[in-house]
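# Per-entry structural report
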Number of protein chains: 2
Amino acid sequence: MKSIFQYFQLYNSLSKEAENAITEICSIIEIKKNQELQTFGHTCKTIYYINKGTARIYYYKDGIDITESFAFENNIIARVESLFTGNPSRKAIQILEDSEIVAINATQLFKLYDTYPEIERLFRKIFEVAYVDTVNRIEGIQFHSAEERYNALISEEPNILKKVPLKHIASYLGITQVSLSRIRAIK
Amino acid sequence: MKSIFQYFQLYNSLSKEAENAITEICSIIEIKKNQELQTFGHTCKTIYYINKGTARIYYYKDGIDITESFAFENNIIARVESLFTGNPSRKAIQILEDSEIVAINATQLFKLYDTYPEIERLFRKIFEVAYVDTVNRIEGIQFHSAEERYNALISEEPNILKKVPLKHIASYLGITQVSLSRIRAIK
DNA sequence: CTAATCCTTTAACATAAGATAAATAATTAC
DNA sequence: GTAATTATTTATCTTATGTTAAAGGATTAG
């Protein structure tokens with residue numbers, strides 16, 4: 001469990017005490033491909049960091065499986081629409097490759113915010129950047145064609161095709177799998 | 001300048017000292033319809049609160065004016081993709097009705113975070129909720145038809161038609177003005 | 001290793017939305 | 001109040017993506 005603190009360092013440096021306090025509320029999960037890390041219907045009280053592997057957040061809309069987002073090695077994944085509101089999540093987190101995940105107990109983390117402003121600041125900054133990424137993604141969705149979005153995704157995340165089935169990429173891009181197949185066939 | 005603190009109260013209560021510190025870094029702007037509150041190209045260092053009026057964030061994509069978001073009375077508006085990264089913003093803020101705006105100096109605000117953890121917490125929570133709204137908006141864009149998105153917008157913000165030209169609503173919805181006209185004609 | 005299941009592609013047809021142009025309608029400037 | 005400008009609608013044609021169905025590949029379970 002070293003690299004999570006390297007990741008944190010990118011946002012805000014922490015005192016040794018703060019690092020120890022965080023370590024105490026983390027656990028490591030080894031989990032296999034296609035398993036559900038978290039399922040539907042409960043209020044999300046965990047933030048995950050991916051040491052190794054790949055995951056996605058997804059939900060069902062009219063019975064169809066829709067991928068909201070992917071997360072890859074050395075990144076955070078959380079169902080923020082539940083974590084930050086306390087509402088039960090309609091979304092689940094599925095593992096897409098055999099993974100090693102750090103689970104951060106968010107209930108306890110939020111308590112640490114009172115004792116360690118540096119920890120509150122760290123997560124404030126992490127989620128500010130995630131927020132900016134989401135704002136930028138809207139721009140991509142609204143004014144690029146499906147083909148442009150696909151190409152952009154591949155160049156941002158060149159290994160995604162090895163890690164993630166195309167059907168999940170299609171729903172993430174907001175198109176059907178048939179459309180994605182057509183787009184790929186053009187090349 | 002009363003209602004901004006009522007708004008803050010929804011997120012986190014502040015001590016009198018913290019309120020005073022914030023008041024010191026705020027100024028009130030009276031600004032007329034169609035004026036630009038902030039223009040393109042500079043790093044965004046201001047967070048705005050709308051006491052009265054309406055505003056939008058917009059940018060040009062291939063020469064076409066695109067509305068990224070609207071903000072109405074008693075809400076915050078900021079170009080977060082610049083504010084949180086320090087990058088110059090490609091976006092501008094335009095006033096859509098004669099407005100009264102509170103401008104919060106973000107550079108000084110971020111300094112207050114060191115002295116007043118309660119202020120850092122306040123803005124953390126404000127932007128967490130804004131982040132959640134943005135995540136939910138992606139869901140709307142990706143899996144609803146333009147007609148559904150239009151109807152949803154009207155029911156969320158019934159007065160928008162009195163405040164905002166349809167062309168801005170069209171680009172916000174991710175469609176052309178001609179398509180929006182067609183959708184409205186069906187009824 | 002084989003069968004069963006799941007994933008991806010291809011084809012044919014349907015439809016929503018884009019592009020362009022022109023006609024009205026509404027607003028703004030003088 | 002009128003002209004000029006800007007916003008909105010309507011019409012026509014085009015195109016990207018959706019829908020459904022079926023076939024071919026790949027992966028998984030036993």
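The name an unreviewed UniProt entry assigns to chain A is Crp/Fnr family transcriptional regulator, from the organism Flavobacterium sufflavum.

In terms of regular secondary structure, chain A is built from nine helices and six strands. In terms of overall dimensions, chain A is globule-like: its C-alpha atoms have a radius of gyration of 17 Å, near the 16 Å expected for 187 residues. Overall, chain A is about 55 × 30 × 30 Å in size when its C-alpha atoms are taken along their principal axes. At a minimum sequence separation of 6, the contacts of chain A that also span at least 24 residues come to 69%. Carbon and sulfur atoms provide 49% of the accessible area of chain A, an area that totals close to 8,900 Å². Both charge centroids of chain A, one from 23 positive and one from 23 negative side chains, sit 5 Å from each other.

Before going further, it helps to spend a moment on the pattern of salt bridges. Under the criterion given, the structure shown has 24 salt bridges over all chains. For K61 of chain B, the salt bridge identified is with E139 of chain A, shortest N-O distance 3.3 Å. Of the two residues, K61 of chain B is situated in strand β3 (residues 46–61) and E139 of chain A in helix α5 (residues 117–143); the pairing between them involves two chains. When sorted by exposure, K61 of chain B lands in the same class as E139 of chain A, which is buried. Through salt bridges that share partners, K61, E68, E81, R90 and K91 of chain A together with E139 of chain B make up one connected network.

Attention now moves to the environment of L10 of chain B. Mapped onto the secondary structure, L10 of chain B falls in the loop between α1 (3–9) and α2 (16–24). For L10 of chain B and K125 of chain B, which are 115 residues apart along the polypeptide, the C-alpha to C-alpha distance reads 9.8 Å.

Looking now at empty space enclosed by the protein. Taking a probe equal in size to a water molecule and rolling it over the atoms shows the remaining empty space. This structure, assessed with the given rule, holds two cavities of 30 Å³ or more. By volume, the largest cavity amounts to about 50 Å³. As for the largest cavity, its lining consists of R124, F127, E128 and Y131 of chain A together with R124, F127, E128 and Y131 of chain B. Of all the secondary-structure elements, those providing two or more residues to the lining of the largest cavity are α5 of chain A together with α5 (117–143) of chain B. Here the residues of the lining of the largest cavity sort into four nonpolar, no polar and four charged.

If you trace the backbone, E157 of chain B turns up in the loop between α6 (146–156) and α7 (160–163). You can call E157 of chain B partly exposed: its relative accessible area is 24%.

To continue, consider the protein's contact with DNA strand C. Taken together, 18 residues are adjacent to DNA strand C, and K167 and S181 of chain A together with A146, S179 and R182 of chain B come closest. Of all DNA strand C atoms lying within 4 Å of any protein atom, the proportion belonging to sugar or phosphate reaches 60%. At 3.0 Å, a backbone N or O of L166 of chain A approaches a phosphate oxygen of DNA strand C. Separating a phosphate oxygen of DNA strand C from a side-chain N or O atom of S179 of chain B is a distance of 2.5 Å. At the level of elements, α8 (166–173) and α9 (177–186) of chain A together with α9 (177–186) of chain B are the ones that each hand at least two residues to the surface near DNA strand C. Classifying every residue of the surface near DNA strand C by side-chain character gives seven nonpolar, six polar and five charged.

A few words now on the side chain of R124 of chain A. With respect to the helices and strands, R124 of chain A occurs in helix α5. The exposure class assigned to R124 of chain A is buried, which follows from its relative accessible area of 9%. Dropping the residues within four chain positions of it, R124 of chain A is found in contact with Y113, E120 and R124 of chain B.

Another aspect to go through is the protein's contact with DNA strand D. The immediate surroundings of DNA strand D are formed by 18 residues, with A146, S179 and R182 of chain A together with K167 and S181 of chain B found nearest. Looking at DNA strand D alone, sugar and phosphate atoms form 56% of those within 4 Å of the protein. With respect to DNA strand D, the backbone of A146 of chain A contributes an N or O atom lying 2.9 Å from a phosphate oxygen. The separation between a phosphate oxygen of DNA strand D and a polar side-chain atom of S179 of chain A is 2.5 Å.

Conventions we followed
- Residues numbered from 1 in each chain as written.
- Chains lettered and ligands numbered in written order.
- Predicted model: local features only at pLDDT ≥ 70, side-chain atom pairs only at ≥ 80, totals over all residues.
- Heavy atoms only, no water.
- Helix = DSSP H or I, 4+ residues; strand = E, 2+ residues; numbered from the N terminus.
- Rg over C-alpha atoms; globule rule 2.2 N^0.38 Å.
- Contact = heavy atoms within 4.5 Å.
- Areas by Shrake-Rupley, 256 points an atom, 1.4 Å probe, with all protein chains shown as cover.
- Lys, Arg positive; Asp, Glu negative; His and termini not counted.
- Charge placed at Lys NZ, Arg CZ, Asp CG, Glu CD.
- Salt bridge = Lys/Arg side-chain N within 4 Å of Asp/Glu carboxyl O.
- Buried < 20%, exposed > 50% of the residue type's maximum accessible area, 1.4 Å probe, protein only.
- 1 Å grid on protein atoms, 1.4 Å probe; cavity = no way out; pocket = protein on both sides within 12 Å on 5 of 7 lines; lining within 4 Å.
- Points joined across faces, edges and corners; volume = space filled by probe spheres on them.
- Nonpolar A, V, L, I, M, F, W, Y, C, P; charged D, E, K, R; others polar.
- Near = heavy atom within 4 Å.
- Polar contact = N/O pair within 3.5 Å; in protein donor to acceptor, adjacent residues only side chain to side chain.

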